[in-house]
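# Chains, contacts and geometry: an overview
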Amino acid sequence: MVSPMLFIIAPLSAAFIMILFNSRVIALGLSLLVPIGLAWLGLSWLPYTLGAAQPILVASIPAPLGIPLSIDALGAGMAILVAVSAALVVLYSSSYMKKGHHEVRYYTVVMILLTSAFGLVLTRDIFNLFVFFEILCISSYILVSWEQDGAALEASFKYMVLGSIGSTFLLVSIALVYRVAGSLAMADVATALATAPRGYVAFAAVTFLFGVGVEAAIFPVNTWLPDAHSSAPSSISAILSGFVIELALVVAFRVLNTAFAAVDTLPLVRVVAIAGVIVGEMAAFGQKDLKRMLAYSSISQIGIMLFAFSLGTQAGAQAGLQHLLMHAGAKSALFLIAGYFIVRTGSRLIADYAGLGHRMPVSAALFGFAALSLVGAPPLLGFFTKFQVLSAAGAAGGFTAWLGVAVILFGTVLETVYLFRVLRVLFAPAASGSPARADMDWPALAAVALFTALVVFGALLLPTLSQMIGPMADGLASLL
Amino acid sequence: MYTQALLLLPLVGFGVAFLLQGTVKRSPAIVKTWAMLGFAAIAAVAALAGAEIGTLYEGPTVFGSVLTYGLTDLSWWFVLLIAGITALTTVFTLGSLRYADDYPMYYAWLFAKVFGMIGLVMSRDLLSFFIMWEIMSWATYLVMQQGRDESRKAAQGYLVYAISAGMILLGGVVFLRTASGSFEFAVITKFVAGADLGVIITAIVLVLVPFLIEAAVYPTHGWLPSAYASSETTMTAYLSSISTRMGLFGLILFVFNVFGLDVIDRIGISAHLNLRTLLLVLAALTAVLPTYTALFQHDAKRLLTWHSIGQGGYMLLGLATASTLGTAGGLMHIFNYMTYVALIIFSIAAVEYRTGTTNLNKLGGLITRQPVAFLGMLFGIIGLAGIPPMNGFVSKWFIYRSLILGGYPFVALAAFIATVGTIMSVYKLIHNTFLGQLPERYNEVREVGWVMQLPIWVLMAVVFATGVFPGTILQWIARIQVELGIAPIAYTLGGVAQEAGDLNMMVITLVFTLTFIVGAVIFFMGGKRRIVSQYDNYAAGHFLNKDVPYNFNYNFYSAFDHIFEKLYHAAPVQSTERNLGRLVATVGEYIRRFFTGQINTYAAYYVAAVIIALAFLKEVL
Amino acid sequence: MISTAQILYITSFALIVIGLYAVLSQRNLIRVVIGLNIADVGINLLLVTIGYVEGGRVPIFAAGQSAGTMVDPVPQALVLTAIVIGFGVTALMLTLVMRIYAHHGTVDASRLRGLKW
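### Focus: the overall build of chain A
Broken down by element type, chain A carries 18 helices and two strands. Whereas a compact globule of 480 residues would reach a radius of gyration of roughly 23 Å, chain A reaches 21 Å, a difference of no more than 12%. In terms of its C-alpha atoms, chain A occupies a principal-axis envelope of roughly 75 × 55 × 45 Å. Looking at the 480 residues of chain A, the share that counts as buried comes to 68%. Sequence separation of at least 24 residues holds for 80% of the intrachain contacts in chain A that already meet a minimum separation of 6.

Here is the structure:
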């Protein structure tokens, strides 16, 4: 077996190698090969992790002194998702990013971001989590500010201030936890906190939730998201919306649900999640800027996943993870297509896309499919995942669960209306005769098509997925 | 085998038609031929599928339960209606759809819609029902939004309603699944029979409201007129004739079969003030108000779309009585309305094909130019107005009868009032299109070709034949009634034999024909008629010539318009709909203000969130 | 009697609160960054304080010394990491403030509201 440490080592060394050679071809090749290789690595580990989590020994130093890492089904699953998404986004970037525009640095930062993303899913040490969290944040800041125009700089700065407050809170939480536990391993933390004063644990838990939550874009610390996701290059928007916030969400929820299990934070999380759904959809409803609309939609979709997790049931966790998979595919596709809409028209405003569907028929059609899946139209994947979230909520019962169902259903109506408003504009009659076809360039088109294929034909994967989703969902409630 | 084919054929048809869209501009004949073959095959299979009634088939497993589908008497009846009208529509479009480049996906979406509808009526469990419901809604949206910008705007209106209905239904599905533990209709029936009143009411509201929306029952009908009227005209015919009735199908299925009448009737204050009374009142409002709105329409398509709503009210009236006669009337009216509204709109489409307009203020006098279309519309409006010997009379007679016998005199009165409005508005329709003075510019108008005439002739025959021999239809209705747990109607070939008064259409038709012949004899024997040029004429003291045209066409019911103008423009539904939309937008606008753009505020949210969360947890701890 | 540790805890939390207050109240972006730095200092102090042992010694084993009298070395290691990260983030932030000034001609947060709603 190849060591899962490669998840961290490979992208990190790739980053250094490409900056060393400073050649576009090498950078592109490496950043394509590394995620593909890691996806394969994740797939090769998946069968083993389905039975039991596999601890990883780092530098032959066992747990209390060394840093505990472990790969479980959830970790393997998330790693595969991250690696595949990253590979596709890099493929897209190869034609989307302007040539000679510091491309090597761009791929370097993407690789560093990947390092931290993999690190976050593998680590079982709360301070190590902080470090990876910071790397993730910093690489995101840099990527958001990539365009170096007014909006990007502003968005990046806001993101950075909120991220720094988040890391302040996270560190407070870590300090408090370390004071009672005397250890940074999550397993030790869980045991120690079980006997600690509950007010103390509650404080630590809340600061942790909102500390990591800033990256996971949970309400109300997600105010940076619409700015950052809409101002970043579209490939980066796809990465950020496609797996970064989801990953942070899974990690935040897992630690909260296990290490801080001494206090029941689920009701709090559920309220936050429901608020996120409604605020996101309502704010997206009136947007005129396509990427900003998609970013607000991400806020509400994150809310749906968090809501599913917060039900605290196995069914809820499974549903949330499946919805996460769907959202990763659909939202990445939407952002990537939006990127080319902007390239082709030079505008971010939906109103300027009138008749674009005739110029870019394939792109617009893929946009339609991804949107349909996002709003949950059967028989696309989105329907099944949303349905599972709803039925898990129904099975869990209780006022807030049914409230969540109602809010999600209402949100879906809003989401349908605003996404189809976009489609209506896209397919508006062309102003002048039949315009020249100008679909996306083929690498970008291939990447988007694969993302879209996931959400369109994803329902066919469900039987296979359902055999693996159980252990993965267990991962949300276990630290092994 | 036929049952599977019924699902498979539209899917294959969709796939091929989708791939053929590139050929539409160059050679529309390819996709038209494909559509014709496909829908003919579906119709043939639908006719054969009756042998498989009662057999359940298993589809894929989803969420641990198997999707099941199969035919019942009720669903076979609907499958036949769908397949029949689709085939007729397709024949008509072979001739009429010449602007194929505006509608490159016409047939593809039509196949998708047929798949959704056939799937819906054949679903034998809640989950497949919902999936098919959604597919049908999306396909309907896609079908509507083709063509001009106006169609897309109207389709967006439909989408809001449809997706709202879908989400309410989804809530209902989740609720029923959670409460009963199963998607199977049989389990749900058993569960509902023993459930609390609160649970039943929640389930019924969540499940039935979407059907009322789809059936465009007052006050949820706001989407229908624009959405249907802005579609391509043949699509207007198709949507008006069958699409709206899917809501009624859901209603029938759930009220009579899944929930059961006993459960439905448990909801209410007394035996006379219950859910069914509410449905009757809604149905009466649906029958009356839209019918009178139709009077003031100046577009032939739009006028008829209001009748699609109004006639749906009649169907619901009959069904809500839950009596033998009433349900027979309601079920039969679904068929009758489908036939004559398709007939009328095909005639309109024939006129539009030649004149390029459906504006009632601009047409007129086309009877000499397009006699077949005129005959088609004449047969159709006689049916729509509920006058013998066409089939509309029979079902309306059943509905009136059942209302009077069931002890709902006021509702019956409402139904009569609605009929007056219907007659007035269809008179406007035929007068402004075919009668009166022929405008100069339409002198060269000719009858449409035989391909487009064919469906008109077929439907004329059906409307007349099922009017004279309603027994041919009633035999199906009786079978459905048995399945729904209602005493079957005692039908004869000419109508119905019962203690409370027989109906024999054959006799009535005979009397009508004789009267007609007598009138004709007097007319022709009298020798009083003189054929003159349309300009050798006068009206209201004015001579009519080329420069002074016959002007009744313009604003036909302007006197009524004057009287009802205020009422009509104050229509609460439209403004409620608009206000709701505005409310959501405004609230959204305020919620968006949460994202102020200023970093200090964001930091404040952060700190506030932590503090509030701590307070919240204190509460929980 | 207030112990040294208590004073340190109070100071560190006070620093965090002061830092956050600066972020909430200051419109000047440089001051916002400084506020975050103050909060960072507070955090670092908190971490060190957690490892603090009354009368403790340097955590190095020498002859005749037990671990009981040593201060906890782990938080100190953490602080080192946190300082490095804080340094990096601050540098990046100040760079961005510079760029923002070059682009927008202002470092006033209330005027830096191109992205909102």
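Following the structure, the description resumes.
### A closer look at the overall build of chain B
From N to C terminus, chain B includes 24 helices and seven strands. Taking 2.2 N^0.38 as the reference for a compact globule, 621 residues should give roughly 25 Å; the C-alpha atoms of chain B span a radius of gyration of 26 Å, in line with that estimate. Here the C-alpha coordinates of chain B stretch approximately 100 × 65 × 50 Å along the principal axes. Counting across all 621 residues of chain B, residues that qualify as buried make up 55%. For chain B, the proportion of contacts with a sequence separation of at least 24, taken over those separated by at least 6, is 76%.

### So, the interface of chain C and chain B
Of the residues lining the interface, twelve residues belong to chain C; the matching set on chain B comes to eleven residues. Per-element tally for the side of chain C that touches chain B: the top contributor is helix H1 (residues 4-25) of chain C, with four residues. Here the side of chain C that touches chain B is built from residues that sort into seven nonpolar, two polar and three charged.

### Some words on the confidence of the model for chain B
All names here are of chain B. Mean pLDDT for chain B: 87, with 96% of residues reaching 70 or above. Of all secondary-structure elements in chain B, the lowest mean pLDDT belongs to helix H22 (residues 558-569), at 71, while helix H4 (residues 106-122) reaches the highest, 93. ipTM for the predicted complex: 0.94, alongside a pTM of 0.92.

### As for the interface of chain A and chain B
The interface of chain A with chain B comprises 45 residues on the first partner and 41 residues on the second. Mapped by element, the contributors of at least two residues to the side of chain A that touches chain B are helix H6 (150-181), helix H8 (198-216), helix H11 (266-285), helix H16 (381-396) and helix H17 (399-426) of chain A. Counting residues per element, the side of chain A that touches chain B draws most heavily on H17(A), at nine residues. For the side of chain A that touches chain B, the class distribution of residues is 32 nonpolar, nine polar and four charged.

### Comments concerning the environment of Ile274(A)
Residue and element names in this part refer to chain A. As for its placement among the helices and strands, Ile274 is situated in helix H11. Assessed through the 25 C-beta atoms surrounding it within 10 Å, Ile274 is described here as buried. It is 9.1 Å that separates the C-alpha atoms of Ile274 and Val405, two residues lying 131 residues apart in sequence. Those residues in contact with Ile274, other than ones at most four positions away along the chain, are Gly303, Phe307, Leu403, Gly404 and Val407.

### Topic: the environment of Lys331(A)
Residues and elements named next belong to chain A. Structurally, the position occupied by Lys331 is in helix H13 (residues 314-345). A residue is classified by how many C-beta atoms lie within 10 Å of it, and Lys331, with 30 of them, is buried. Along the sequence, Lys331 and Ser241 sit 90 residues apart, while their C-alpha atoms lie 6.7 Å from each other. Apart from the residues lying within four places of it in its own chain, the contact partners of Lys331 are Ser241, Gly242, Leu294, Ser298 and Gln301.

### Regarding unusual backbone geometry
Across residues other than glycine, the phi torsion is negative in most instances, and most of the peptide bonds are trans. Looking along the chain, the bond that leaves Tyr218(B) and enters Pro219(B) is cis, with omega of 0°. Within the fold, Pro219(B) resides in the loop between helix H8 (197-214) and helix H9 (224-229). In this model, Pro388(B) is joined to Pro389(B) through a cis peptide bond whose omega is 5°. Take Pro389(B): it is sitting in the loop between helix H16 (371-385) and helix H17 (391-405). For Gln148(A), which is not glycine, the phi torsion reads 60° and is therefore positive. Structurally, Gln148(A) is set in the loop between helix H5 (126-144) and H6. Residue Gln148(A) is classed as partly exposed on the basis of its 13 C-beta neighbours within 10 Å.

### Regarding the domain arrangement of chain B
Per the domain assignment, the segments making up chain B are domain 1 (270-527) and domain 2 (571-620). Using only C-alpha atoms to locate each centre, domain 1 of chain B and domain 2 of chain B end up separated by 51 Å.

### Focus on the domain arrangement of chain A
All names here are of chain A. Looking at chain A, the domain boundaries give domain 1 (1-123), domain 2 (126-264) and domain 3 (266-480). On a C-alpha basis, the centroid separation for the pair domain 2 and domain 3 is 23 Å. Taken residue by residue, the interface counts 28 residues in domain 2 and 33 residues in domain 3. Secondary-structure elements contributing two or more residues to the side of domain 2 that touches domain 3 are helix H7 (186-195), helix H9 (225-231) and helix H10 (234-258). Per-element accounting of the side of domain 2 that touches domain 3 gives the leading share, 14 residues, to H10.

### Some words on the nonpolar core
In terms of nonpolar packing, the biggest core is built from 465 residues, with Val82(A), Leu247(A), Phe260(A), Val448(A), Val79(B), Leu317(B) and Ala415(B) touching the most fellow members. Excluding residues within four positions of it along the chain, Ala415(B) makes contact with Ala284(B), Ala287(B), Tyr314(B), Leu317(B), Ile399(B), Tyr400(B) and Leu403(B).

### What about the sheet that holds strand S4 (residues 495-496) of chain B?
Residues and elements named next belong to chain B. Taken in spatial order, the three strands of this open sheet run S3-S4-S5, and their pairing is antiparallel. For this open sheet the edge positions go to strand S3 (491-492) and strand S5 (503-504), each flanked by a neighbour on one side alone. Inspection of the sheet shows S4 paired to S5 by two bridges, in the antiparallel sense. When the sheet's bridge partners are listed, Gly495 is paired in S5 with Asn504.

### As for the pairing of strand S2 (residues 65-70) of chain B
The sheet contact formed by strand S1 (residues 56-62) of chain B and S2(B) spans five bridges and is antiparallel. Pairing of Leu56(B) across the sheet is with Gly70(B), part of S2(B).

### Comments concerning H13(A)
Residues and elements named next belong to chain A. With 32 residues, H13 extends 46 Å from end C-alpha to end C-alpha; this agrees with the ideal 46 Å at 1.5 Å per step. Most of H13 is tucked away, with 26 of its 32 residues classed as buried. Once H13 ends, the next one or two residues include Gly346, with phi positive near 75°.

### Some words on the environment of Leu46(C)
Of note, Leu46(C) is situated in helix H2 (residues 29-50). Here Leu46(C) falls in the buried class, since 24 other C-beta atoms lie within 10 Å of it. In sequence terms Leu46(C) and Ala109(C) are 63 residues apart; their C-alpha atoms lie 30 Å from each other. Once residues lying within four places of it in the same chain are set aside, the contact partners of Leu46(C) are Val172(A), Ala175(A) and Ser12(C).

### Some details on the packing of helix H3 (residues 73-96) of chain A against H10(A)
Residue and element names in this part refer to chain A. Where H3 contacts H10, the axes come no closer than 9 Å and their chain directions differ by 170°. Compared by their axis directions, H3 and H10 come out roughly antiparallel. Here H3 contributes Met78, Leu81, Val82, Ser85, Ala86, Val89, Tyr92, Ser93 and Tyr96 to the contact with H10, which in turn contributes Ser234, Ser235, Ala238, Ile239, Gly242, Phe243, Leu247 and Val250. Broken down by class, the residue content of the contact of H3 with H10 amounts to twelve nonpolar, five polar and no charged.

### Re the packing of H3(A) against helix H18 (residues 442-475) of chain A
Residues and elements named next belong to chain A. At a minimum axis separation of 11 Å, H3 and H18 run at an interaxial angle of 175°. Considering their axes alone, H3 and H18 lie roughly antiparallel with respect to each other. Facing H3, whose interface residues are Ala73, Leu74, Gly75, Gly77, Leu88, Val89, Leu91, Tyr92, Ser94, Ser95 and Tyr96, H18 presents Pro443, Ala444, Ala446, Ala447, Val448, Leu450, Phe451, Met468, Pro471, Met472 and Gly475. Its residues placed into classes, the contact of H3 with H18 shows 17 nonpolar, five polar and no charged.

### Section: the confidence of the model for chain A
Of the residues in chain A, 97% reach a pLDDT of 70 or more, and the chain-wide mean stands at 89. The least confident element of chain A, judged by mean pLDDT, is strand S1 (residues 54-56) of chain A at 81; the most confident is helix H12 (residues 290-310) of chain A at 94.

About the thresholds
- Residues numbered from 1 in each chain as written.
- Chains lettered and ligands numbered in written order.
- Predicted model: local features only at pLDDT ≥ 70, side-chain atom pairs only at ≥ 80, totals over all residues.
- Helix = DSSP H or I, 4+ residues; strand = E, 2+ residues; numbered from the N terminus.
- Rg over C-alpha atoms; globule rule 2.2 N^0.38 Å.
- Buried ≥ 20, exposed ≤ 12 C-beta atoms within 10 Å, placed from the backbone.
- Contact = placed C-beta atoms within 7 Å.
- Nonpolar A, V, L, I, M, F, W, Y, C, P; charged D, E, K, R; others polar.
- pLDDT = per-residue confidence, 0-100.
- Domains from an automatic or database assignment.
- Core = buried A, V, L, I, M, F, W, Y, C linked by C-beta atoms within 7 Å.
- Pairing = 2+ DSSP bridges.
- Expected span 1.5 Å × (residues − 1).
- Axes fitted to C-alpha atoms, helices over the stretch in contact; angles between N-to-C directions.
- Parallel < 35°, antiparallel > 145°, perpendicular 65-115°, else oblique.

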